[in-house]
Structure formats: structure tokens, C-alpha cells
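Below, each chain spelled out in residue letters.
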Amino acid sequence: MSAKLEKLCQELKEVLGDRIGEPELKLGEVTVPVPAAEYRAIAEILRDHAALRFEQLIDLSGIDYQTCAGWSGKRFAAVLHLTSITHNRRLRVRVFAEDDGFPVLPSVTEVWNCANWYEREAFDMYGILFEGHTDLRRILTDYGFVGHPFRKDFPVSGYVEMRYDAEQKRVIYQPVTIEPREVTPRIVREENYGKVGGRG
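In this report, we go over the structure that sits alongside the text. (Residues numbered from 1 in each chain as written. Predicted model: local features only at pLDDT ≥ 70, side-chain atom pairs only at ≥ 80, totals over all residues. Heavy atoms only, no water.)

A look at the overall build of the protein
Here is the rule we go by: Strands here mean DSSP runs of E at least two residues long; helices mean DSSP runs of H or I at least four residues long; both are numbered from the N terminus. Only protein chains enter the area calculation, which uses a 1.4 Å probe; residues under 20% of their type maximum are buried, those over 50% are exposed, and those in between are partly exposed. Residues count as neighbours in contact if any of their non-hydrogen atoms are within 4.5 Å of one another. Surface accessibility follows the Shrake-Rupley procedure with a 1.4 Å probe radius. Residue values consider only the protein chains on display as shielding.
Assigned secondary structure in the protein consists of three helices and nine strands. Its helices and strands in sequence order give the protein the pattern α-β-β-α-β-β-β-β-α-β-β-β, from N to C terminus. Counting across all 200 residues of the protein, residues that qualify as buried make up 35%. Contacts spanning at least 24 positions in sequence make up 49% of the contacts within the protein whose residues lie at least 6 apart. For the protein, the accessible surface area stands at approximately 12800 Å², while carbon and sulfur atoms represent 52% of it.

What follows is the structure in C-alpha cells.
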């Protein structure tokens, strides 16, 4: 771990104490787990505290951990990537929604106003509700769309399809007519495949 990242981990522990989980270094970035109840308050501290000063939210994404191998924790999380322009460093923050059936997290749009569209996208794609968001509505799918397409249990072909009906002169929705099929890759099992003088 670089001295810069070690210093960041130490400062996070000093400033936030036991309000956060243990900072973790992976892929050259520090990830800090934050409990949902403390999320909004910690976001302000991360932005405003002189030792941290994460002024800029780069990205906020929803995550569905349902089918991750070996995962036994909560299902839905929001992951934020923050940048400190003052200290020239980055931080990843991960917060899990407490209820897998109805995921709700506080909104951080009042901390970083660019979170507006990111939270709308996480709501649209994953169904994560952001409490306190002033305009939480779909951003990528149609207003009448059923479900959240990035959830791991969402069917690949969806629930409904739409098409233009020339007789009715309008777009209509109907049940999906595509037959589900399993795509199996072709496996070549020839001894000489790919060798000089062999086939292929």
C-alpha cells in the first residue's frame, strides 16, 4: 500500500472512527463501507472536513450482489467514487440498503448535486429508492416500464414488448413473444486443432 493511501486510511479512521467499517485497499483504491443510517452525515463530513475534502462526486452506481459467488450479505448497494481536488486522491464509498425487498437509502443530492441523475439511474435500473431525492423518476426506461432491468432476477427478454400497430395507429404493449433459448458455445475437441499441419 502506498504511503498516500495509508495516510488516507488513517485519516478516515481518525475523523470517522467507528461510524465506518474498516477501509480496504483493492485495485489501487481505498474502499470504505458506510452504514445506511450514517450515510448522509458521513457524506457531508467527507466533503467538508479539512483532512478529507472530497469535493467532487465522480460516479454513483447501484449494485445487485444477489448471484455473486460466496456472497452472504445484503443484496443492494450504492457505490460512490469521490475525488479530492484539494488533496489529489480518490475514495470509493459503499453503502448497503438494509431491506433487500424494498431497498431505500438516503439521497446525497444536497451534498453533491450531480448525484441527481446518478441516483435516478440507480432507481431506474436497480429499484433503489433514494429518500429525500426531489425528482426520483425513471431516466433510461419508459415511464410505463415494469421492473428494474439490471436486477439479477430480471428476465433477459423482459416482461412485455412493444410494437406499432398499423390498424390501431398506436404503440401497443403485449406479452413477450420471444421463445427463451439457451445459447451453448461450440467446443472444439480435436487433438490437432490449432497446431501446424492440423485442422483449423
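Focus on the environment of Ala-78
Position of Ala-78 among the secondary structure elements: in strand β4 (residues 76-84). Given the relative accessible area of 0%, Ala-78 is considered buried. Considered as a pair, Ala-78 and Ser-61 are 17 residues apart in the sequence and their alpha carbons are 5.6 Å apart.

Let's talk about the packing of aromatic side chains
Operational definition: Each aromatic pair joins two rings of Phe, Tyr and Trp (for Trp, the six-membered one) with centres within 6.5 Å, and gets the label stacked for planes under 30 degrees apart, edge-to-face for over 60, and tilted for any other angle.
Within this structure, the stated rule accounts for five aromatic pairs. Pairing Tyr-65 with Phe-96 gives two aromatic rings, centres 5.4 Å apart and planes at 45°, and the pair type is tilted. Placement of the pair is Tyr-65 in the loop between β3 (56-64) and β4 and Phe-96 in strand β5 (residues 89-96), with a sequence separation of 31 residues. The pair Tyr-65 / Phe-96 is uniform in exposure class, with both members buried.

Re the side chain of Glu-161
Which entries qualify depends on this criterion: His residues and chain termini do not enter the charge count, which takes Lys and Arg as positive and Asp and Glu as negative. Salt bridges are counted wherever a side-chain nitrogen of Lys or Arg sits within 4 Å of a carboxyl oxygen of Asp or Glu.
Of note, Glu-161 is situated in strand β8 (residues 160-165). Summary of buried charges: Glu-161 has no salt-bridge partner, and the nearest side chain of opposite charge, Arg-163, is 5.7 Å away. Aside from chain neighbours lying at most four places away, what touches Glu-161 is Ile-172, Tyr-173, Gln-174, Pro-175, Val-176, Thr-177 and Ile-178.

What to know about the nonpolar core
Rules: What we call a nonpolar core is a set of buried Ala, Val, Leu, Ile, Met, Phe, Trp, Tyr and Cys residues that are connected through their side-chain atoms within 4.5 Å.
Leu-12, Leu-46, Leu-80, Leu-82, Leu-91 and Val-108 are the most contacted members of the largest nonpolar core, which has 36 residues in total. Mapped onto this core, the elements with two or more residues apiece are α1 (3-16), β2 (29-34), α2 (39-48), β3, β4, β5 and α3 (115-126). Top contributing element to this core by residue count: α1, with five residues. If we skip the residues at most four places from it in the chain, Leu-46 touches Leu-12, Leu-16, Leu-52, Arg-53, Phe-54, Leu-82, Leu-91 and Val-93.

Focus: the environment of Gly-73
Along the chain, Gly-73 turns up in the loop between β3 and β4. In this structure, the C-alpha to C-alpha distance between Gly-73 and Phe-96, residues 23 residues apart in sequence, is 9.0 Å.

A short note on a nonpolar patch on the surface
Our working rule: A patch consists of residues exposed above 30% relative accessible area that lack any salt bridge, with like charges linked at up to 9 Å and nonpolar side chains (Val, Leu, Ile, Met, Phe, Trp, Tyr) linked at up to 5 Å.
Taken together, the side chains of Val-146, Tyr-159, Val-160, Met-162, Tyr-164, Val-171 and Tyr-173 make up a nonpolar region of the molecular surface, amounting to roughly 730 Å² of accessible area. The set of elements that each furnish at least two residues to the nonpolar patch consists of β8 and β9 (170-175). Examining the composition of the nonpolar patch, we find that three residues originate from one element, β8, more than from any other. Following the sequence through the fold, Tyr-159 ends up in the loop between β7 (129-131) and β8.

Re the packing of α1 against α2
Operational definition: Helix axes are fitted only over the stretch in contact, all axes being lines through C-alpha atoms; the angle between N-to-C directions runs from 0 to 180 degrees. By definition in this entry, angles of less than 35 degrees are roughly parallel, angles greater than 145 are roughly antiparallel, angles of 65 to 115 are roughly perpendicular, and the rest are oblique. Put simply, a crossing is left-handed when the front helix is turned counterclockwise from the back one by less than a right angle, and right-handed when it is turned clockwise. Gly is put with the polar residues, along with every residue not named as nonpolar or charged; the nonpolar set is Ala, Val, Leu, Ile, Met, Phe, Trp, Tyr, Cys and Pro, and the charged set is Asp, Glu, Lys and Arg.
Axis separation between α1 and α2 bottoms out at 12 Å; the angle between their running directions is 125°. Classed by the angle they form, the pair α1 and α2 counts as oblique. Seen from above, α1 lies across α2 with right-handed handedness. Mapping the contact onto sequence places Leu-12, Val-15 and Leu-16 in α1 and Ile-42, Ile-45 and Leu-46 in α2. Its residues assigned to classes, the contact of α1 with α2 comprises six nonpolar, no polar and no charged.

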